Amino acid sequence: MVTLAEVAQHAGVSASTVSYVLSGKRSISATTRQRVEQSIRELGYHPNAGARALAGKRSNIIALMVPLRTDMYVPVLMEIAIAVATTARTHGYDVLLLTGEEGPDAVRRVTGSGLADAMILMDVELEDERLPLLRGGGAPGRAKSGPGDDQPSVLIGLPADTTGLTCVDLDWSATGALCVEHLAGLGHRDIAVIGEAPAVYERHTGFAERTLDGLRSRARETGVRVLHRPCEGGYDALALTLARIFDERPGTTGFVVQNESAVEPLLALLRQQGRAVPEDVSVVAICPDQVAVQASVRLTSVAIPAQEMGRRAVEHLVAKLDGRGGDEVVLLAPELTVRASSGPAPAAP
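All figures in this text were calculated on a predicted structure; none of them were measured in a lab.

Quick notes on the rules
- Residues numbered from 1 in each chain as written.
- Predicted model: local features only at pLDDT ≥ 70, side-chain atom pairs only at ≥ 80, totals over all residues.
- Heavy atoms only, no water.
- Core = buried A, V, L, I, M, F, W, Y, C linked by side-chain atoms within 4.5 Å.
- Buried < 20%, exposed > 50% of the residue type's maximum accessible area, 1.4 Å probe, protein only.
- Helix = DSSP H or I, 4+ residues; strand = E, 2+ residues; numbered from the N terminus.
- Contact = heavy atoms within 4.5 Å.

## Here we look at the nonpolar core
Phase 1 of the analysis: Within the largest apolar cluster, 48 residues are counted, with the highest numbers of intra-cluster contacts made by Ile 80, Ile 120, Ile 156 and Val 256.
Phase 2 of the analysis: No other element matches the seven residues that helix 14 (residues 306-321) contributes to this core.
Phase 3 of the analysis: Ignoring anything within four residues of it in the chain, the contact list for Ile 80 reads Met 122, Ile 156, Ala 306, Met 309 and Gly 310.
Phase 4 of the analysis: Judged by nonpolar contacts, the second largest core, of 26 residues, contains Val 257, Val 283, Ala 295 and Val 297.

## Topic: unusual backbone geometry
Phase 1 of the analysis: Geometrically, the link from Val 277 to Pro 278 is a cis peptide bond, its omega value of 10° lying close to zero.
Phase 2 of the analysis: Its identity is not glycine, yet Asp 123 carries a phi of approximately 55°, on the positive side.
Phase 3 of the analysis: Residue classification places Asp 123 among the buried positions, given a relative accessible area of 9%.
Phase 4 of the analysis: One non-glycine residue, His 204, adopts positive backbone phi at about 55°.
Phase 5 of the analysis: With respect to the helices and strands, the residue His 204 is situated in the loop between helix 9 (198-202) and helix 10 (206-222).
Phase 6 of the analysis: For His 204, a relative accessible area of 42% gives the class partly exposed.

Here it is as structure tokens:
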């Protein structure tokens, strides 16, 4: 790896002069600057992140915090992460992926190390413990671990209080409402919601809580009864959940599923029970299009715009880095696609 000293020797200047050219901390003549920059290009010199941090220059790295929990659907998280990485690359940034469940410690580690210029946080909870650090820098939306350590940040997710933050997310409340509207419009009056794993609600994860709020609010407005049951996913867990639903609400004719791992077990169990989809029971899923169209019954669904969320987050972050962006909340409108799994409610016996 080419060193700063080698650049200095090639350009015929001192190492401190090369450092000043890189940092911009002192005025250097145009001729000398051009000679140093030409040597940098010819030798392929790349200052390391630590050196750039000390020099007050950018590392051109964005930290992406995406805890990989067993109760989350990883393909969606990875689709967002890939969109972040590819969009960042088009703006000249690389991505540092942090997958641990470190919470505030991860924020402190990134801001204190100088390894990244900015950060994007995923898996946002309503009362996320990381948020005080993001608001603590004085300037809205900037993370601070100590004096002088401030970095722009964007959340892919929506906490309860968005003051001083920039957030990009699907409008999950509108998503829940849209599912109820569709089923209510088909005449369904008893709807069961098969939700994420219980731990997701115990953490008060934003997307799950907001979806449920939207569902319940629109159900009250439309006179629909809603029964919500979290589920770990998988055949055995879903069999127990489904049995409880029909025990409590035997007249259930509509299902909203916000749990990708529960989709195929639900369809299989309904077939085993002799409940035809959509003649006897309608199913609406909140999931990626790929999951919806590859199911054994093509599912009416609200898609998760993972790529759009990742792209928008990076664009807002780059605007902040360039001094062009302020704090704002961007909610993407949900779109429901009708397929083969939803139909009119069956006539009452």
